[in-house]
Amino acid sequence: MNKIETTQDWLYTISPKRKLIDLNFKEIWRYRDLLFLFVKRDVITQYKQTVLGPLWYFIQPLFTSIIFTLIFNNLAAIPTGDGIPSFLFNLAGITSWNYFSSCLIGTSNTFTANQGIFGKVYFPRVITPLSVIFSNLIKFGIQLLVFICFYFYFVFFTDNASNAIPQIAMILLPVLILFMGLFGLGFGMIISSLTTKYRDLTFLVGFGVQLLMYASAVMYPLSYFKEKVPEYACLVEYNPMTTIIELFRYMTLGIGDFSISKFMYAGIVSIIFFLIGLVIFNKTEKSFIDTV
């Protein structure tokens, strides 16, 4: 008599019925080699056929900081605080913003960019957007190192950074980076799921991210915006990325203020966006191959 096989006899059970919030860490761990390959692919191929290659990791934040300093601080005379160099102020904002925006843009086309792989072989689909988060974390680490180098330059070789003092709250920086990644991942998975039916969103992502940057206090202090345009201050103040960028500047430069309520607000919103994105992502992956 043949043995009747049960679900315990199988290593994987692929079923259309899944939990509303389904993030199988055990299964993701089994596919960790694939996750590593995706991360390696993203890091190596991004600038593979470019002349400058990985130097773009350094060039982009540096040139953006220089332009912001010339336009917003020198021409528009937006203050950054006494004893805080304008370039360092802008570099801090761009460094933290770049990680979020890279995660958002990288995960926003998950389904359309990987439809060939998704339609042929099974693996946990969430590994693909997760690989974007980890590969961009490497890029963020490089840009953070650049920021640290310029910080030491301004502190030890100039007299313009007398008040740029890292705060004890910097021990929470890894958690803040986690919030950036979760927010970008969740937001990106929402957009990626919607683009399977509404391709217009693909063209709006880049434009929308640029607009969001101007509403995230990247190139100006939140206090200055509240002083100059108080009627629209709530739009910027309650933007989660504004809170994250302000917290990043406070931790690294000591400018602005820090509160547990702001930190918790950034964390709660990031987690909510991640959970919403995960729910929509899991629901979309069941039928996206028919619409993509």
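For the structure itself, consult the block above.
Small disclaimer: the values here were computed from a predicted structure and weren't measured.

Quick notes on the rules
- Residues numbered from 1 in each chain as written.
- Predicted model: local features only at pLDDT ≥ 70, side-chain atom pairs only at ≥ 80, totals over all residues.
- Heavy atoms only, no water.
- Helix = DSSP H or I, 4+ residues; strand = E, 2+ residues; numbered from the N terminus.
- Buried < 20%, exposed > 50% of the residue type's maximum accessible area, 1.4 Å probe, protein only.
- Contact = heavy atoms within 4.5 Å.
- Areas by Shrake-Rupley, 256 points an atom, 1.4 Å probe, with all protein chains shown as cover.
- Expected span 1.5 Å × (residues − 1).
- Polar contact = N/O pair within 3.5 Å; in protein donor to acceptor, adjacent residues only side chain to side chain.

**Q** Break down the overall build of the protein for me, with residues and values.
**A** On a plain count of helices and strands, the protein comes out with 13 helices and zero strands. The buried share among the 292 residues of the protein stands at 46%. Restricting the contact set of the protein to residue pairs at least 6 apart, pairs at least 24 apart contribute 80%. Of the accessible surface of the protein, which amounts to about 16100 Å², a share of 67% is contributed by carbon and sulfur atoms.

**Q** Quick one: what's the story with helix α13 (residues 260-285), residue by residue and with numbers?
**A** Here α13 contains 26 residues, and its C-alpha end-to-end distance of 37 Å stays within 8% of the 38 Å for a straight helix at 1.5 Å per residue. Within the span of α13, buried status applies to Phe263, Ala266, Gly267, Val269, Ser270, Phe274, Gly277, Leu278, Phe281, Asn282, Thr284 and Glu285. Next to the buried residues of α13 lie α5 (110-113), α7 (127-157), α8 (173-195) and α12 (240-253).

**Q** Describe α12, listing the residues and the values that go with them.
**A** For α12, which comprises 14 residues, the first-to-last C-alpha distance of 20 Å matches the rise-based estimate of 20 Å (1.5 Å per residue) to within 8%. When you tally the buried positions in α12, you get 14 out of 14 residues, the bulk of the element. Backbone nitrogen of Met241 and a side-chain oxygen of the N-cap are separated by 3.0 Å at the start of α12; the cap is Asn239. Trailing α12 by a residue or two, Gly254 shows a phi angle of about 80°, which is positive.

**Q** Any details on unusual backbone geometry? Residues and values, ideally.
**A** Although it is not a glycine, Ala77 sits at a positive phi angle of roughly 60°. Looking at where Ala77 falls in the secondary structure, it is placed in the loop between α3 (56-75) and α4 (86-107). Positive phi, close to 55°, is recorded for Ala217, a residue that is not glycine. Positionally, Ala217 belongs in the loop between α9 (200-214) and α10 (222-228).

These figures capture arrangement, not role.
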